[in-house]
Structure formats: structure tokens, C-alpha cells
Amino acid sequence: MNKTVKRTLALMLAVLMLVSAFAACGNDSGNSSGSQDSSQSSEVSEDNSSEESSDVGADEPTETGWTLPSIDSEDYDEISDYYYDFNLKEFREYAEQYAAETSDQNRRWALEALAEAKLMASGVMMPTTCNGALYQISAVAPGSVTTNGWGSDDIRYQYALVTDKVLKTADRDALKDLLNEKRGTGEYRAAAIEYLESHGYKMKDSLNLTFSGLPTTYDMFASSRAGDTQYSIGSVDSLLYYDGENNELPALAESYEVSEDGKTYTFKIRQGVKWVDSQGREVADLIADDWVAGMQHLLDCQAGLETLFVGYVTGVQDYIDGKCDIDGVGIKAVDDYTLEYTLENPTPYFTSMLHYGLSLPLSRSYYTSQGGKFGDDYDSADEGNMYGRDSDHIAYCGPFLTTSVTENNSITYKANPLYWDAENVTIKEMSYLFNDGSDPTKGYNDVKSRVVDNYAINNSTLTIAKEEKMDGDEGTVFDTYIYVSSAGSASYFNFLNVNRAAWANTNNENDAVSAQTDEQKEVTHAAMNNVHFRRAVAMSVDRVAWNAQNVGDDLAAPSVRNSYTPGTFVTLSEDVTVPVNGVDTTFPAGTDYGKIMQAQLDADGVKITVYKDDPDAENGRGTGDGFDGWFNVDNANEELNTALEELAANGITVDESNPVHLDFPYPSYNPSRTNAANAFKQQVEKNLGGKVIIDLIDCPDADVWRACGYNTERGYQSNFDLYDLSGWSPDYQDPCSYVDTFLPDYMGYMTKCIGIY
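Before going into details, it helps to say that this report is about the structure given with it. Keep in mind it's a predicted model, so treat the numbers as computed, not measured.

Here we take up the packing of aromatic side chains. By the definition in use, this model includes 34 aromatic pairs. For the ring pair tyrosine 341 and phenylalanine 350, a centre distance of 5.4 Å and an interplane angle of 70° mean the geometry is edge-to-face. Side by side, tyrosine 341 and phenylalanine 350 carry an identical accessibility label, which is buried. Aromatic rings pair up to connect Trp150, Tyr242, Phe493, Phe495, Tyr564, Phe569, Tyr738 and Phe742 into one cluster.

What follows deals with helix H6 (residues 188–198). Within the span of H6, buried status applies to Tyr188, Ala191, Ala192, Tyr195 and Leu196. Looking straight down H6, one finds that the buried residues subtend no more than 130° of arc, so they occupy a single side. In this structure, H6 carries Ala190, Glu194 and Ser198 as exposed residues pointing more than 90 degrees from its buried face. Tucked inside the fold, the buried residues of H6 contact strand S4 (162–163), helix H5 (169–182) and strand S5 (203–204). Glycine 200 occupies a position one or two residues after H6 and carries a positive phi of about 90°.

This brings us to the sheet that holds strand S14 (residues 338–342). Spatial ordering of the open sheet is given by S9-S10-S14-S13, a layout of four strands whose pairing is antiparallel. Only two strands of the sheet have a single neighbouring strand rather than two, namely strand S9 (253–258) and strand S13 (331–335). Sheet twist, expressed as the average angle between the axes of neighbouring strands with direction ignored, equals 25°. Inspection of the sheet shows S13 paired to S14 by four bridges, in the antiparallel sense. Opposite aspartate 335, over in S14, you have threonine 338 as the bridge partner. Where helix H8 (residues 289–301) meets the sheet, it contacts strand S10 (264–269), S13 and S14, and its direction lies at approximately 165° from that of S13.

As judged from the three bridges shared by strand S11 (residues 274–276) and strand S12 (residues 282–285), these two strands associate in the antiparallel manner. Looking across to S12, one finds that lysine 274 is bridged to aspartate 285. Hairpin connection of S11 to S12: five residues between the antiparallel strands, including glycine 280 at a positive phi of 85°.

Look at alanine 133: it is not a glycine, yet its phi comes out positive at around 55°. Structurally, alanine 133 is set in the loop between strand S2 (125–130) and strand S3 (135–138). Note on alanine 133: relative accessible area 6%, which makes it buried. The residue asparagine 581 is not glycine, and still its phi comes out positive at about 55°.

We now examine the pairing of strand S6 (residues 206–211). Within S6, five of the six residues are buried, leaving the element largely enclosed by the surrounding structure. As paired elements, S6 and strand S17 (residues 429–434) share six bridges and run parallel to each other. Of the residues in S17, the one forming a bridge with serine 206 is glutamate 429.

With respect to the secondary-structure elements, serine 391 resides in the loop between helix H10 (364–369) and strand S15 (400–406). Note on serine 391: relative accessible area 8%, which makes it buried. For the pair serine 391 and aspartate 698, spaced 307 residues apart in sequence, the C-alpha to C-alpha distance is 33 Å. In this structure, serine 391 is in contact with Tyr218, Ser278, Tyr396, Thr402 and Val405, ignoring residues within four places of it in sequence.

Turning to helix H3 (residues 76–100), a few remarks are in order. Under the 1.5 Å per step criterion, the end-to-end length of H3 is only 28 Å for 25 residues, more than 12% shorter than the ideal 36 Å. Maximal helix bending in H3 amounts to about 85°, located at leucine 88.

Moving on to the side chain of serine 138. Mapping serine 138 onto the fold places it in strand S3. According to the relative accessible area criterion, serine 138 is buried, its value standing at 1%. Among the polar contacts made by the side chain of serine 138, one reaches the main-chain carbonyl oxygen of aspartate 453 at a distance of 3.3 Å. A distance of 2.9 Å separates the side chain of serine 138 from the side chain of asparagine 454, its partner in a polar contact. Among residues more than four places away in sequence, those in contact with serine 138 are Val166, Leu167, Arg172, Asp453, Asn454 and Tyr483.

The next subject is the sheet that holds strand S16 (residues 410–415). Pairing between the strands of a sheet comes from backbone hydrogen bonds, and it takes one of two forms, parallel or antiparallel. Read from one edge of the open sheet, four strands run S6-S17-S16-S15, paired in mixed fashion. Strand pairing shows two members of the sheet lacking a second neighbour, S6 and S15, which therefore form its edges. Averaged over all neighbouring strand pairs, the angle between strand axes comes to 15°, with direction disregarded. Note: S15 against S16, six bridges, orientation antiparallel.

In this structure the tally under the stated criterion is zero disulfides. Free cysteine cysteine 130: the closest other cysteine sulfur is in cysteine 753, separated by 19 Å. Note on cysteine 708: no disulfide assigned, nearest cysteine sulfur contributed by cysteine 699 at a separation of 3.9 Å. Classification of cysteine 708 as buried rests on a relative accessible area of 0%.

In this section: the nonpolar core. Core analysis: the biggest nonpolar cluster contains 182 residues, and Tyr341 and Phe742 have the highest contact counts within it. By size, the runner-up hydrophobic cluster in this structure holds 16 residues, among which are Ile137, Val166, Tyr444 and Ile457.

Further remarks concern the environment of arginine 189. Relative to the assigned elements, arginine 189 resides in helix H6. Sequence separation of arginine 189 and glycine 244 is 55 residues, and the distance between their C-alpha atoms is 8.3 Å. Apart from residues no more than four positions distant in its own chain, arginine 189 is found in contact with Tyr159, Leu161, Asn424 and Thr426. For arginine 189, the side chain forms a polar contact with the main-chain oxygen of tyrosine 159, separated by 2.3 Å.

Our next topic: the environment of leucine 462. By the secondary structure assignment, leucine 462 is in helix H12 (residues 459–467). Beyond its immediate chain neighbours, meaning those up to four positions away, leucine 462 contacts Tyr135, Ile457, Phe478, Val551 and Asp554.

Next up on the list: the pattern of salt bridges. Two side chains that carry opposite charge are able to pair once their charged atoms sit near each other. A complete count under the given rule lists 35 salt bridges for this structure. Arginine 270 serves as the salt-bridge partner of glutamate 254, at 3.9 Å between the closest nitrogen and oxygen. Here the residue glutamate 254 occupies a position in strand S9, and arginine 270 occupies one in the loop between S10 and S11, the gap between them amounting to 16 residues. Take glutamate 254: its relative accessible area is 43%, and that puts it in the partly exposed class. On the basis of relative accessible area, arginine 270 is assigned to the buried category, the value being 16%. With its nearest N and O atoms 2.7 Å apart, the salt bridge here joins aspartate 554 to lysine 466. Taken together, the positions of aspartate 554 in the loop between helix H16 (543–551) and strand S21 (576–580) and lysine 466 in helix H12 put the pair 88 residues apart, joining distant regions of the chain.

Rules and cut-offs
- Residues numbered from 1 in each chain as written.
- Predicted model: local features only at pLDDT ≥ 70, side-chain atom pairs only at ≥ 80, totals over all residues.
- Heavy atoms only, no water.
- Phe/Tyr/Trp six-rings, centres within 6.5 Å; stacked < 30°, edge-to-face > 60°.
- Buried < 20%, exposed > 50% of the residue type's maximum accessible area, 1.4 Å probe, protein only.
- Helix = DSSP H or I, 4+ residues; strand = E, 2+ residues; numbered from the N terminus.
- Arc of directions from axis to C-beta.
- Contact = heavy atoms within 4.5 Å.
- Pairing = 2+ DSSP bridges.
- Axes fitted to C-alpha atoms, helices over the stretch in contact; angles between N-to-C directions.
- Expected span 1.5 Å × (residues − 1).
- Bend = angle between axes of the 7 residues up to and from the residue.
- Polar contact = N/O pair within 3.5 Å; in protein donor to acceptor, adjacent residues only side chain to side chain.
- Disulfide = S-S within 2.5 Å.
- Core = buried A, V, L, I, M, F, W, Y, C linked by side-chain atoms within 4.5 Å.
- Salt bridge = Lys/Arg side-chain N within 4 Å of Asp/Glu carboxyl O.

Rendered as C-alpha cells:
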């Protein structure tokens, strides 16, 4: 379906909502309120990368140089374009520069860092934490799965090494040393098993983890949420696979070749692989055309991640725009066992893009047997299409078959006997057991009693672990078993909604209802469209103290992150010269991505620190994690005072008697998150002198909380002013996997989190 047609149909309801919302926000001076949102993407589209919203008017600039956004439009795309450019125009302009750099990878990284600096400076998102640097207790050995921060192989568990007893910290440390010694040799697994068995452990063939909510679909191509992909990723294998040593190995592709110009990748598909149903019965042979079917279904679904391949695989944008059929896309089954990708430009990291759920094969014959259609015939609302409705309506070629799914209870799996590498699979049974966090001690107790095999220690159980012992141990649980996980590549944020159009959940008007008056909505909208106000809010929160409510004082700082892309995600391999505010600046080989970001922020005079040198680091490098580079009460109030002056010039008065109200949904069923939400409220209100009030919106269960923002499909559905549930982990080994998610015109997946597109 053509992208323009699809989003027009999807947003007809939004137009009706926005007409009434904007009408309610007007005032006598002619200033109107609105807001802006952002969404996720992976590449710039040629037909919109330099577009201006010149046909949409704004009030005349005031003496301060800032003007209250004003738009009179019933077209949601036009509204989104307007508020995007109002708040993120500079980021977009910088993004166009890195998108145009296709020949020099190091220069592209530097330009991406400059663009991300502009994104951070905009204040539409406040970095909070990463997905690591936490206390863990586990029976899963290190080196069981990859530690690469991109793709989906870190949640593929068929080769996991799981022990009958919780691993002692000393043994885990010894295994880490062994992993570093064996890394790259392929010898670690055998050596790890030998070590464990010689130290009194027995190997298990089962793995039990936890989950807090069921997937919304089992069609991985039709979803952009990790919460959907995670529970079905084991059903289908990928072309290549990262093992626990982080080696890239053959999986469904036995081998591949790259053309001399770097634009053509040819994969030899493993022969004899079978597609089976949920009962393990054969339904088809796996062939190269299944990847073509997967690509076409991905582009038909347009669930948000189809843009991953825009600008990379030829013809993808044309297909999305309805200008060609699948034969015009650069993916081709040369024969049954030869798959060919054709790229627009050489892309050294292209194979890293093939480890994610949307790069998987789809059994064309099984999909069509379930009523699935392709191209112009595809309709996401087709009731006759049963594919992905549940785990019994997908085809499997991966290591696991789903055996049962029970809401608020469990998801269980068994090994696929026809899996191509079945003889080497170590996990024969696997389950996810329900835990919504309402009992903060449940996960800890379940690991100790061996109900589950891994759990992160929270603030509530940390004290217990420091006091009690396991049977027969001399030391406490904390001293004997607890370890600190590595900082992960996933980044989490508090998003600021600049184009709010919902004041109750769109799936249920009685859930998460805002108490804001029409006048308060207008003031909030105006404030949220002021960059200085957004920065003031971000700078007013002591994120270490806030994070301590979740993870405890010990690790409150180590898990704090200061940017979207981790500061050390990539490092220049050669000298690069790029313009920083018009001044050619050379960054030498060995410079971290974050250091280039910081240079741009410093040049702009934006008082946040996303990267700093680490004198204690053995490699002499710096870091963007482990400290709070945003929190500063003086800076926050300096930004706030500037914002209030600019708002006043537009007829908006903000003071202690007329504060800005910001709705912040929180999960009241989760004690740790409730404490964190209250800490956030207290800090903002105190540090900004009562001129900003955080109204906590009670979400009594996970469904209500997720429906406020995480499960929304479009920006107009986002029911919040501030929201801290969503985050992002990279799809491939390039920083644009992060920053592209804030591109305009539905190219950026995360823009919906700020209320647009």
C-alpha cells in the first residue's frame, strides 16, 4: 500500500481529534497552542529531507527571537511537519549532511555525532539510563549469548549455558577471564562447560526468564516493539549469527560474497532446512525467495521499521511510495538457494543489519495459506489473514516452538526437532514467567529457589541480599552471588511531548485521564514548544537520586546515560576533519563518538555534558555513562528564566501562582517506579521554584501504563507531557541506527514519542 494512502487512512481520526484540541487551545491574542512529536526511522528520504513548511504561518517573531507556534490546519501531516521544523529543524539540517556522506565511514560517524548534539540540545528527550550496570543474580554463564549491542542475537538462547545452581561471583569472574582468553577462537563454550562441571555445577537443558506483558502480535514484520519481537525471535533463524564470543557465524546462510564495488551481497542459503508449524509438522522447504517474501511483507506492513533499509537496499523507498513492485527492490532470489542484495552505496556494516527481526525470512507458501496477501492486496485490517494472530499461526525454522501462551502466567517453548542445528542446541525447554513488579521481592526469591534463572536486583531486594545467606554459604547472598552487569547499548529516556492531542488513553477514555484545564493545556503547550523550558526541566532532575529509587544507591550513577547513542559506541579509525559551527575541526583517530558530540555542544554553549574523559580508564578513553551531565539547578533556572521571558512576550504568564502543569503517567502497581515518579516530581517542583508542577497520572496496571505511550502507533495518541517507559537499542552497528529514529515525515520511529507523526 502506498505510504501516503496508508497514513491518510490511519490519521483520519487524528484530524478530528486535533481540530477540537487546537480550537480549545486558542486565546484572544491570536496565539494558539499545539505540540510536536517524534518517531523512529533509519534513513533520510530524498523527497522530504530539505522540505520546509513554508505554507504554514507562525506569529511574527518577538524581540527575544522566539515565537509561539501557531498553525491553522486540519492536516495531521502538515501539523507534524510544522512542529517538527519548529523544534528540530537544526537537527534535520545536520542529519541531511551525514545522510549525504556515503563513501567515508569515519566522516559519517563524525557528522552523525554533530547531528546528535543538536538533538540533545533540543531537549525533546532527556536521557536517563542504559540497560545495564545493574546488580544481577543468575545461573546463566557469561558468554552464553553475544554482548554485541545491535540486532536480536542477544535474546537468542538456544546455545545458552545454564547451571543447576546460581553462579557464584568468583566463578563468574573466572569465566569472564576465560572468555576474554578464548574470544575469537570458538573454543570458549567447551572450556566453560569443563570449568563449570569441575567446580560442582551441573548443566541444565532448560531456561526460565520473566515477562511483564504478552506480545501484541506474533508477526515480527508487523511490529516495531521489542516487547513483541523478544517472545517470537526464537521461532525463526537469521542469515548470520553472533555467538557468545561475538564472532559472526553462518546460520541460515552457509556463506556469502561481496562484490568488488561493495554494493552486492550474495548469500548461499543452507539446503535442507524445513519450515514447520507450531506442532513441528513440516509445511515447506526454506528457500531464498522466503527472504524476498519477508522483505515485501515488511514493506507492506509499514509498522515503523521498514525504513531501516531505505537508503541502503535499492528500491525500498520506491516500493513504500508505490512507485515499483517487489521486483524493483534490491533483493532477489537468484535460484532456490542463492539470495542477492543490491545496495545503493557500499555499506561496511551491512551484515550487522541482518541480525534483527525484520531481516528474517517468511515462508511465502505458509503465509498465503493463512490468508496473507502482498503488495496492493495487503490490508492490515483483513480479518481473513490469520498469520501472526497467535503462536499457532506462524511458521517456524528456528530453534524453538511455542507450546503455550497464558496471559499473566507464562509463555513456554520446546526445542524444534527439525532445527538445522538441533544437535548443538543446549536448551531443550524454555519459558517466560509473569512478573509485573508488583511484588518487588518475587524475582529475587524465584532465582534463589531456582524457579527462574536470572534477575536484576532492585532497591527493595538489595538490602535483603546484603543480610541473608544461602544454605551452606559463609558469606551473604550479595557477597557470594551478586555481580554488576555491563552497561548495555539500549538507551532509555524521558520524552517531552510537544504536540499533545490526547488527555486520556485513546483505547479507553476512562484510563489515565488528565486533570488539566483548557487554560493549563494552552500554557503547557506553549512551554513545551520552548527549547529553554525543555532544557530547564531536563536540567532540574538529579537523575542519580531518581535512579536510586529503582536500583539503589550503589549503582544509581553507573547506569545513568547522558546521550542517545552511547559515547563509546564507535571510535574513529582515522583522522577526520568536519566543520563545527563553521570552523574546520580535526578529530584524530581514536576519538570516541561522544567526544565529537561534546565538542558541538560546547561550541553551541549548551551546558550539558554527554561525554567526559575518564582518568581511571585503562585505555585512556572517556565515557558518556556513569555520571549526571545534565543536572544543575543554576543552569536549569537560567534556562527557565529565558523561557519565561519568551513566553511572557507571547502573552503567556508563568509563575508560582500560574505554573506549567506536566502530566507524568506512572505505574502505581510498581513500588520502585512509584517511588521514582514521586522523586522526579519533588525534584522538578523544588528545583524550578514551584513554577512547574508534575501531575502524576495513576496507571493501575501495565496495560494502562503502556497504552499511554509505549503501545501507541502515532504521535496524536501519546497521552502524556512526560513519559519514561520507552527506549531504543540499535538495529545495526552504526550510530545512525539511533539518530535516524528522529528523522521527519514518518521516517523516524521515535518521533511519535514527542507527539508528532
